[in-house]
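Residue strings, one per chain:
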Amino acid sequence: YYAIYIDTIRVAVRRDSVSKEAFYIVLGLREDLRREILGIYNLPEETKEGWRHVIKDIKDRGVEEALIFIIDEFKGLDEVIMEEYGNSRIQRCINHKKRNLIMKVRVKDKRQIIEEFDKVIDMNNINYRKEEAIKRLEEFIKKWERIYPCIGRMFTRQEEYFSYLEFPYGMRRMIYTNNWIESINNQIKRTTKIRNSFPDPKSALKLIIFKCIEIEERLMRYPITALLPYKDELDAMFGEKLEPVLQTHKT
């Protein structure tokens, strides 16, 4: 898979009482440029161990390699992915980071902070590189952590916010956020919301699966044609990624 997107939604279900439980959803961008839902899992809470189970399961079921995983801000999720896919890149969702940023600052500073953070991301510059982005981020942090010390602690693994810059320019907007899988989640939520709660987790999982099948058939039948000009470059990235592994096997 060129890219794998992962996220959770919470749905109200009944066990001994009604409570919202986590449903883990994994979406993949295949080598034929079609998207495919790789798995849907119900575990009562979103935890590091829960994600370890999910990531290990998709590998056991045949997902051998992925160029990049697009994830949210869940702590330790990148570590779990690296246990099974040590050569893959991690991309933290930029939209999640923006939402977290504006939660931590005063209303009067929100607009300026987002405008300056957008310059750090710089989606319109085809020649923008990861090294320059990290430098701009450090300048952004230095400026704002004097007022909001928490901002400096929000970027402990800076490179994970700029992995999209290692990919073809025409693909960057598709992988710098988790928008693809959040769109799926929003469609699922519209379906589950009208039911208030489910009598058990199995019935909720069944409905989510049926909804995902409908989304696949309606929206994912055809390849992402905008990526066709970059397919050779993406395939070459797979070759570069696997070369160290092949050399190890030869040794």
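No experiment lies behind these values; they were computed from the predicted model shown. (Residues numbered from 1 in each chain as written. Predicted model: local features only at pLDDT ≥ 70, side-chain atom pairs only at ≥ 80, totals over all residues. Heavy atoms only, no water.)

Colleague: What's the story with the overall build of the protein chain in this structure? I'm lost.
Modeller: Within the protein chain, the secondary structure is distributed over 10 helices and five strands. On C-alpha atoms alone, the protein chain measures out to a radius of gyration of 19 Å, which is about the 18 Å that the 2.2 N^0.38 rule sets for 251 residues. Across the 251 residues that make up the protein chain, the buried fraction comes to 47%. A fraction of 65% describes how many contacts in the protein chain between residues 6 or more apart in sequence connect residues 24 or more apart. (Helix = DSSP H or I, 4+ residues; strand = E, 2+ residues; numbered from the N terminus. Rg over C-alpha atoms; globule rule 2.2 N^0.38 Å. Buried < 20%, exposed > 50% of the residue type's maximum accessible area, 1.4 Å probe, protein only. Contact = heavy atoms within 4.5 Å.)

Colleague: Explain the nonpolar core here, please?
Modeller: Note that soluble globular proteins tend to have their nonpolar side chains buried in a common cluster. Counting residues in hydrophobic clusters, the biggest one holds 60 residues, and the most contacted among them are Tyr5, Phe117, Phe140, Ile151, Phe155, Phe162 and Ile175. In this view, Phe140 contacts Leu101, Ile113, Glu116, Phe117, Val120 and Ile151; residues no more than four positions away in its chain are not counted. Counting residues in hydrophobic clusters, the runner-up holds 21 residues, among them Val26, Val54, Val63 and Ile81. (Core = buried A, V, L, I, M, F, W, Y, C linked by side-chain atoms within 4.5 Å.)

Colleague: Please clarify how the confidence of the model for the protein chain should be interpreted in this entry.
Modeller: Predicted coordinates in areas of low pLDDT are best not read in detail. Across the protein chain, pLDDT averages 92, with 96% of residues at or above 70. Per-element confidence in the protein chain is highest for strand E4 (residues 68–71), whose mean pLDDT is 97, and lowest for helix H10 (residues 231–250), whose mean pLDDT is 68. Here residues 244–251 is modelled with pLDDT under 50, and outside its nearest four sequence neighbours on either side it reaches one contact, counting other chains as well. (pLDDT = per-residue confidence, 0-100.)

Colleague: Just checking my understanding: could you explain unusual backbone geometry for this structure?
Modeller: Glycine aside, negative phi is the norm for most residues, and most peptide bonds take the trans geometry. Of note in this structure, Leu33 is not a glycine but carries a positive phi near 70°. In this structure Leu33 comes out as buried when scored by relative accessible area, which is 0%. One non-glycine residue, Asn196, lies in the positive phi region at around 65°. Mapped onto the fold, Asn196 is located in the loop between helix H8 (179–193) and helix H9 (201–219). Of the residues examined, Asn196 reaches a relative accessible area of 67% and is grouped as exposed.

Colleague: Looking at this structure, I do not really get helix H5 (residues 130–144). What am I missing?
Modeller: The periodicity of an α-helix, 3.6 residues per turn, causes residues three or four places apart in sequence to face the same way. Between its first and last C-alpha, H5 extends 21 Å over 15 residues, near the 21 Å set by a 1.5 Å rise per residue. Where H5 is concerned, the buried positions are Lys130, Ala133, Leu137, Phe140, Ile141 and Trp144. End-on, the buried residues of H5 take up no more than an arc of 95°, which puts them together on one face. In H5, the exposed positions that point more than 90 degrees away from the buried face belong to Glu131, Lys135 and Lys142. Looking at the buried side of H5, the elements it contacts are helix H3 (94–103), helix H4 (107–121) and helix H6 (150–153). (Expected span 1.5 Å × (residues − 1). Arc of directions from axis to C-beta.)

Colleague: Even after reading the chapter, I still don't get the pattern of salt bridges, so can you show me in this structure?
Modeller: Counted under the stated rule, the structure contains 27 salt bridges. The partner of Glu45 in a salt bridge is Arg10, with the nearest N and O atoms 3.3 Å apart. Taken together, the residues span a long stretch of sequence, with Glu45 in the loop between strand E3 (35–43) and helix H1 (48–60) and Arg10 in strand E1 (residues 3–14) at a distance of 35 residues. Where Glu182 meets Arg99, a salt bridge forms, and the shortest distance between an N and an O atom there is 3.3 Å. Within this pair, whereas Glu182 is found in helix H8, its partner Arg99 is found in helix H3, the two being separated by 83 residues in sequence. (Salt bridge = Lys/Arg side-chain N within 4 Å of Asp/Glu carboxyl O.)

Colleague: I tried to follow helix H2 (residues 77–84) on my own but got confused; where do I start?
Modeller: Of the positions making up H2, those classed as buried are Leu77, Asp78, Val80 and Ile81. For H2, the buried positions fall inside an angular range of 160° around the axis, keeping them on one side. Tucked into the core, H2 has its buried residues touching E1, H1, E4 and strand E5 (89–92).

Colleague: I would appreciate a short explanation of the sheet that holds E3 in the present structure.
Modeller: Neighbouring strands of a sheet are bound in pairs by backbone hydrogen bonds; such pairs are parallel or else antiparallel. In space, the five strands of this open sheet follow the order E3-E2-E1-E4-E5, with mixed pairing throughout. Bordering the open sheet on either side are E3 and E5, each of which pairs with just one other strand. Each strand axis lies, on average, 25° off the axis of its neighbour in the sheet, ignoring direction. Judged from the 12 bridges that link them, E1 and strand E2 (residues 18–29) form a sheet pairing that is antiparallel. Paired with Asp7 across the strands is Ile25, a residue of E2. (Pairing = 2+ DSSP bridges. Axes fitted to C-alpha atoms, helices over the stretch in contact; angles between N-to-C directions.)

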